[in-house]
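# Chain and residue survey
So the chains spell out like this:
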Amino acid sequence: MVTQAYRFALDPTPAQARALRSHAGAARFAYNWGLAACRDRYDADGRWWSGAELHRLWNAVKKTDPALGWWGENSKCVYQEAFRDLDRALREFIRSRKGARKGRRLGFPRFKKRGRCRDSFRFCTGAMRCGGRTVTLPRLGTIATHESTRKLARRLGNGTARILSATVSRTAHRWYVSFTVEVDRAVPERHARPGSVVGVDLGVKTLLTAVDDHGGVIEVEGPKALRAGLRKLQRLGKAHARKQRGSANRAKAAQRLARHHARVADIRADALHKATTRLAARYETVVVEDLNVTGMVANRRLARAVADAGFGTVRRLLSYKTGWNGGRLVVADRWFPSSKMCSGCGGRKPSLSLSERTYRCEACGLVLGRDVNAALNLRDLAASGAKRLNACGGDVRPGSAGQPPAKQEPGTAQAGETGTAAAQATATPTADTHIRSHHG
């Protein structure tokens, strides 16, 4: 059983659109109401309310306060889930302060402002169904969708899926519903092509360059959606800035700008999904780098190109798609010199500037494309130690806080679980080092 999401674009009627906005406003109000109550209690007692305590407090207040007489117009789940979100935000803030949470340091939760925050709410109970080109949600009824929902409906009908929750959100001008579903997914015991390996190097010139165990080179050109629509983005941004604040024309300009941003994101996501699905289906072992995306985005000369490529998304997609196909994802150490090391003799250059797109080895005379050379080193890294690192978890470098790595048998990687390659592994020279063949 795996937990995954099914996301559909909604096509509501005007009355349903008003109901969606009302539920989103109710969720925003409940979040702000709970945050104000937590701040008041913290000033008085030095602690705040939990999510369950906020829900009980809300049930006691909503029936006595005349200003809250409108609460019955929306589903009770909207308020309950808003309090849960606030409770989760407060707990993550504490974990971040203590250093127990990875990633950037989180600040204290802030109030949500209409028009500035994302419109979103969630259902956890009630009638949640789908069929044909419609979905059914609590208090909202049956809403048409822009795409077919038959795939999820069949799983729900034959009992191989169960809806846990439904999150409704708005992106630009369009409403979406995302069902969190527990699915009985048939994961193969072995990959369709056992023993196949591919090394994947991400880049800004080419979205990804991959070399498989037969020496075939796969190059996927990125759509560069942000770069292609940059002039339109600048024009729409300038038009929005020139409109008077609070006017209807400014709201229309903001909608046009948001639609353009959404289109850019959709084009990028479509290209990344197609590329990662192809790699996960064709190769059992996929090797990628542990890139410091946050540091790369901090470079003002690379930030736009890196953000347009979506480096972090590639690894996230491969992490669960490889498991679904009976394969595994191996992540090379962040300091593994895939670009500086020669794939022919194993020699390493002390430095390699980003402008050098061709790798030239002074020791063996190998002349090869920079990205192809890096992909070869990643592929050979898996060939030299992938099985050992995957099956014998005790040989892998321990993670944070000195926790020993868990053992992982071949072909059992699940979503979010990856193998880890050591930093000082040496590439194994192969017979096809100087012979490259291109195939689709």
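A brief look at the structure comes next.

## Here we look at the pattern of salt bridges
One pass over the structure, following the stated rule, counts 18 salt bridges. Here Arg-170 and Asp-119 are joined by a salt bridge, their closest N and O atoms 3.0 Å apart. Of this pair, Arg-170 sits in strand E6 (residues 161-171) while Asp-119 sits in the loop between helix H3 (76-98) and strand E2 (120-123), and the two are 51 residues apart along the sequence. By relative accessible area, Arg-170 is classed as partly exposed at 31%. According to the relative accessible area criterion, Asp-119 is buried, its value standing at 13%.

## A word on the packing of helix H2 (residues 51-61) against H3
To characterise two packed helices, one gives the angle between the axes of the helices and the distance between these axes. One can describe the packing of H2 onto H3 by two numbers: an axis separation of 8 Å at closest approach and a directional angle of 145 degrees. Note that H2 runs across H3; the crossing there is right-handed. From H2, Gly-51, Leu-54, His-55 and Trp-58 reach across to H3, where they touch Tyr-79, Gln-80, Phe-83, Leu-86 and Asp-87. Per-class residue counts for the contact of H2 with H3 are 5 nonpolar, 3 polar and 1 charged.

## A look at unusual backbone geometry
We note that Arg-139 has phi near 65 degrees; this positive angle belongs to a residue other than glycine. One can find Arg-139 in the loop between strand E4 (134-137) and strand E5 (141-145). Look at Arg-139 and you get exposed, because its relative accessible area is 52%. Unlike most non-glycine residues, Lys-224 shows phi in positive territory, near 50 degrees. Inspection of the secondary structure assignment puts Lys-224 in the loop between strand E10 (216-220) and helix H5 (225-228). Taking relative accessible area as the criterion, Lys-224 reaches 22% and is therefore assigned partly exposed.

Basis of the calculations
- Residues numbered from 1 in each chain as written.
- Predicted model: local features only at pLDDT ≥ 70, side-chain atom pairs only at ≥ 80, totals over all residues.
- Heavy atoms only, no water.
- Salt bridge = Lys/Arg side-chain N within 4 Å of Asp/Glu carboxyl O.
- Helix = DSSP H or I, 4+ residues; strand = E, 2+ residues; numbered from the N terminus.
- Buried < 20%, exposed > 50% of the residue type's maximum accessible area, 1.4 Å probe, protein only.
- Axes fitted to C-alpha atoms, helices over the stretch in contact; angles between N-to-C directions.
- Left-handed = near helix turned anticlockwise from the far one by under 90°.
- Contact = heavy atoms within 4.5 Å.
- Nonpolar A, V, L, I, M, F, W, Y, C, P; charged D, E, K, R; others polar.

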